[in-house]
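# Survey of secondary and tertiary structure
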Amino acid sequence: MHEEMKSGSCCSGEKGEGSPVPEKRLGWHEYFMNVAHLISRRATCSRAHIGAVIVRENSILSTGYNGAPSGLPHCNDTNCIIYQSKHPDGTVEENCVNTIHAEINAIALAAKHGVSIKDSDIYITASPCIHCLKVLINVGIKTIYYDNPYKIEQINELLRLSGIRLVQVNVASNLKE
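Here is what the cut-offs are and how they apply
Residues numbered from 1 in each chain as written. Predicted model: local features only at pLDDT ≥ 70, side-chain atom pairs only at ≥ 80, totals over all residues. Heavy atoms only, no water. Helix = DSSP H or I, 4+ residues; strand = E, 2+ residues; numbered from the N terminus. Buried < 20%, exposed > 50% of the residue type's maximum accessible area, 1.4 Å probe, protein only. Contact = heavy atoms within 4.5 Å. Areas by Shrake-Rupley, 256 points an atom, 1.4 Å probe, with all protein chains shown as cover. Patch = residues over 30% accessible without salt bridge, like charges linked within 9 Å, V, L, I, M, F, W, Y side chains within 5 Å. Salt bridge = Lys/Arg side-chain N within 4 Å of Asp/Glu carboxyl O. Pairing = 2+ DSSP bridges. Axes fitted to C-alpha atoms, helices over the stretch in contact; angles between N-to-C directions. Polar contact = N/O pair within 3.5 Å; in protein donor to acceptor, adjacent residues only side chain to side chain. Expected span 1.5 Å × (residues − 1).

For the rest of this paragraph, the subject is the overall build of the protein. A count of helices and strands for the protein gives five helices and seven strands. Counting only residues that meet the buried cut, the protein has 36% of its 177 residues in that class. The long-range share in the protein, meaning contacts at least 24 apart out of those at least 6 apart in sequence, stands at 53%. Surface accessibility of the protein: about 11,200 Å² in total, with carbon and sulfur atoms responsible for 52%.

Here it is as C-alpha cells:
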C-alpha cells in the first residue's frame, strides 16, 4: 500500500493541513529573563523571591537567588530577621540579616568555580538595591537587565557615574510567580 507524502515538514515553519502553527521562538532577553524568574523559585527568603543570571555572549555563566549562606538556616525555616538602615535622603531601608541577594549569590558562585564575569551582563527579576549595584560595578558588569523596578531612584546617580546601563525587560510568562 502506497501513502501519499504531504508537502512541508515539521521543521519547515510552514502551515500544512492539520499541522500545528509553530511557537514563536524566544528572543535572548526574554529567554534569560525567564530563566531568572525560574531561578527565583529557589529563593528561600520569605520577603522576596529574586533570581539573577549572569550572561556573556548569549551564554549563562552563573546564576543566583536570594537565600541564606550555604548550610545555614533559611528564612522560610526560621523567619526573616529584619534590620533597618537610613539613607542620607531619610528613607529607611529594611533588609534581612539571613539573606544574601541573588546578584551577590550569582557573583559568589562564579568566583567559587573560577568563572570570570568581567564585561558580562546580568538579568535580574527586580532592579538591584544600591548595595548590589556597587558590587556589580566592581565586578565589571556592563548592562543590568531587570523585570520589576525596585527603588530605582536610589541607584540613578551610581548608574550615571559608573556608565552601567539599566534596561527594563518585561516578560509575560507563566514562570513568574
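Taken together, the side chains of Leu26, Trp28, Tyr31 and Ile60 present a nonpolar region at the surface, about 390 Å² in accessible area. Mapping Tyr31 onto the fold places it in helix α1 (residues 28-40).

Okay, the pattern of salt bridges next. Counted by the stated rule, this structure contains three salt bridges. Salt-bridge contacts for Lys24 lead to Glu30; the nearest nitrogen and oxygen are separated by 3.5 Å. With a closest N to O distance of 3.4 Å, Asp119 and Lys142 form a salt bridge. Taken together, the residues Asp119 in the loop between α3 (102-112) and β5 (121-126) and Lys142 in the loop between α4 (130-139) and β6 (143-148) connect sequence positions 23 residues apart. According to the relative accessible area criterion, Lys142 is partly exposed, its value standing at 44%.

A separate point is the sheet that holds strand β1 (residues 51-56). Ordered by their spatial adjacency, five strands build an open sheet running β2-β1-β5-β6-β7, and the pairing between neighbours is mixed. Where the open sheet ends on each side, the last strands, each with one partner, are β2 (59-65) and β7 (165-168). Put simply, the sheet's adjacent strands are angled 20° from each other on average, direction ignored. Where β1 lies against β5, four bridges are found, and the strand directions are antiparallel. Bridge pairing links Val55 to Asp121 in β5. Those strands touched by α1 are β1, β2, β5 and β6, and its axis lies near 145° from that of β1.

The next thing to look at is the pairing of strand β4 (residues 92-96). The pairing of strand β3 (residues 82-86) with β4 spans five bridges and is antiparallel. Residue pairing for β4: Ile82 is matched across the bridge by Cys96. Counting the residues between successive antiparallel strands, the hairpin from β3 to β4 contains five residues, one of them, Gly90, with a positive phi of roughly 95°.

What follows concerns the side chain of Ser127. Note that Ser127 resides in the loop between β5 and α4. Under the relative-accessibility criterion, Ser127 is labelled buried at 3%. Within the local environment of Ser127, its side chain forms a polar contact with the backbone nitrogen of Tyr150, the two atoms lying 2.7 Å apart. Apart from the residues within four sequence positions on either side, Ser127 is in contact with Tyr146, Asn148, Pro149, Tyr150 and Ile152.

Attention shifts here to α1. For α1, which comprises 13 residues, the first-to-last C-alpha distance of 18 Å matches the rise-based estimate of 18 Å (1.5 Å per residue) to within 8%. Taken as a whole, α1 has its buried residues at Phe32, Met33, Asn34, Val35, Ala36, His37, Ile39 and Ser40. Contacts from the buried residues of α1 go to β1, β2, β5 and β6.

Keep in mind these values describe shape, not function.
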